Amino acid sequence: GDSVTQMEGPVTLSEEAFLTINCTYTATGYPSLFWYVQYPGEGLQLLLKATKADDKGSNKGFEATYRKETTSFHLEKGSVQVSDSAVYFCALSERTGGFKTIFGAGTRLFVKA
Amino acid sequence: GAGVSQSPRYKVAKRGQDVALRCDPISGHVSLFWYQQALGQGPEFLTYFQNEAQLDKSGLPSDRFFAERPEGSVSTLKIQRTQQEDSAVYLCASSSTGGQLNYGYTFGSGTRLTVV
């Protein structure tokens, strides 16, 4: 079945460092891909999305490119801030075969001042 | 309302007790989803409604779990005879699109259920 694998955390960075959180997926069809973020004490929020190969999703300085050839959707940010500390979830949703979204296990990011 | 509202925020139930969790989606949102999130894990799909129709309940872990959305707005997830393994955060999400389209959800803050 479909699955999402993302790098284990926690990831600890200093402020202004470059961030990469790796995400790879397995899908039988041609899914849409997402990154969600969960700040402490809050619900999940959609951060960015991409619906077809080579699309780049971007929001709040974060970006991720849909790479069909490597089945990847890595999250990047050029300069992290303390306020980016959160748990990040990579997810996919197939266009056919059901309505569910499959989430990865999440990667916790700590950013130190 | 402005966002997806879930209540209660926290629920402690004794093993064997029945519980009901409420979700108030964004007004006019067609699609409503329930997810279960165990500690340290990503959310796992439970069930999906398009308006009042429950189109997918394949993720419900047992027949003790039941969900309804009778008027196509508010939804209730009911768990009968709760067990310790039911302890988790139950998330509700809604979306303005229906069918196979998925442009992302708006999630509520969840209900943390602890079964003792």
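Residues numbered from 1 in each chain as written. Chains lettered and ligands numbered in written order. Predicted model: local features only at pLDDT ≥ 70, side-chain atom pairs only at ≥ 80, totals over all residues. Heavy atoms only, no water.

Whenever I open this one, the overall build of chain B confuses me. Can you help?
Within chain B, the regular secondary structure consists of zero helices and 11 strands. Along chain B, helices (α) and strands (β) appear in the sequence β-β-β-β-β-β-β-β-β-β-β when read from the amino end. Compactness check: chain B gives a C-alpha radius of gyration of 13 Å against a globular reference of 13 Å for 116 residues, within 12% of the reference. At a minimum sequence separation of 6, the contacts of chain B that also span at least 24 residues come to 54%. If you sum the accessible surface of chain B, you get close to 5600 Å²; carbon and sulfur atoms cover 46% of it. Distance from the positive charge centre (11 side chains) to the negative charge centre (10 side chains) of chain B: 8 Å. (Helix = DSSP H or I, 4+ residues; strand = E, 2+ residues; numbered from the N terminus. Rg over C-alpha atoms; globule rule 2.2 N^0.38 Å. Contact = heavy atoms within 4.5 Å. Areas by Shrake-Rupley, 256 points an atom, 1.4 Å probe, with all protein chains shown as cover. Lys, Arg positive; Asp, Glu negative; His and termini not counted. Charge placed at Lys NZ, Arg CZ, Asp CG, Glu CD.)

What exactly am I supposed to notice about the sheet that holds strand S8 (residues 62–65) of chain A here?
Paired through their backbone hydrogen bonds, the strands of a sheet run either parallel or antiparallel. Residues and elements named next belong to chain A. Within the open sheet, the four strands sit side by side as S3-S9-S8-S7. Their pairing is antiparallel. The strands lining the two open edges of the sheet, one partner per strand, are strand S3 (19–21) and strand S7 (56–59). Each neighbouring strand pair of the sheet contributes to a mean axis angle of 20 degrees, computed without reference to strand direction. When S7 meets S8, the two strands line up antiparallel, connected through four bridges. (Pairing = 2+ DSSP bridges. Axes fitted to C-alpha atoms, helices over the stretch in contact; angles between N-to-C directions.)

Would you take a moment to explain the sheet that holds strand S8 (residues 75–79) of chain B for this structure?
Residues and elements named next belong to chain B. Strand order in the open sheet formed by four strands is S1-S3-S8-S7, and the pairing between neighbours is antiparallel. Looking along the sheet, the strands with just one partner apiece sit at the ends: strand S1 (5–7) and strand S7 (65–68). Each neighbouring strand pair of the sheet contributes to a mean axis angle of 15 degrees, computed without reference to strand direction. Pairing geometry for S1 and strand S3 (residues 19–24), over three bridges, is antiparallel. Each bridged residue has a counterpart across the sheet, and for Ser5 the counterpart in S3 is Asp24.

How should the pattern of salt bridges be read in this particular structure?
Where charged atoms from two side chains of opposite charge come close, those side chains can pair. Residue and element names in this part refer to chain A. Within the structure shown, the criterion is met by seven salt bridges over all chains. Put simply, Asp55 and Lys52 hold a salt bridge, and the shortest N to O gap is 3.4 Å. Its relative accessible area of 21% is what places Asp55 among the partly exposed residues. Between Arg67 and Asp54 there is a salt bridge whose closest N-O contact spans 3.9 Å. Pair noted here: Arg67 is in the loop between S8 and strand S9 (75–77) and Asp54 is in the loop between strand S6 (44–50) and S7, with a separation of 13 residues, a long-range link. (Salt bridge = Lys/Arg side-chain N within 4 Å of Asp/Glu carboxyl O. Buried < 20%, exposed > 50% of the residue type's maximum accessible area, 1.4 Å probe, protein only.)

Sorry, what's going on with the pairing of strand S11 (residues 111–115) of chain B here?
In regular strands, side chains alternate between the two faces of the sheet. Residue and element names in this part refer to chain B. Every second residue of S11 is oriented toward a common face, the buried set being Thr111, Leu113 and Val115 and the non-buried set Arg112 and Thr114. Where strand S9 (residues 88–95) and S11 come together, three bridges link them in antiparallel fashion. In the strand pairing of S11, Ala88 is matched with Leu113.

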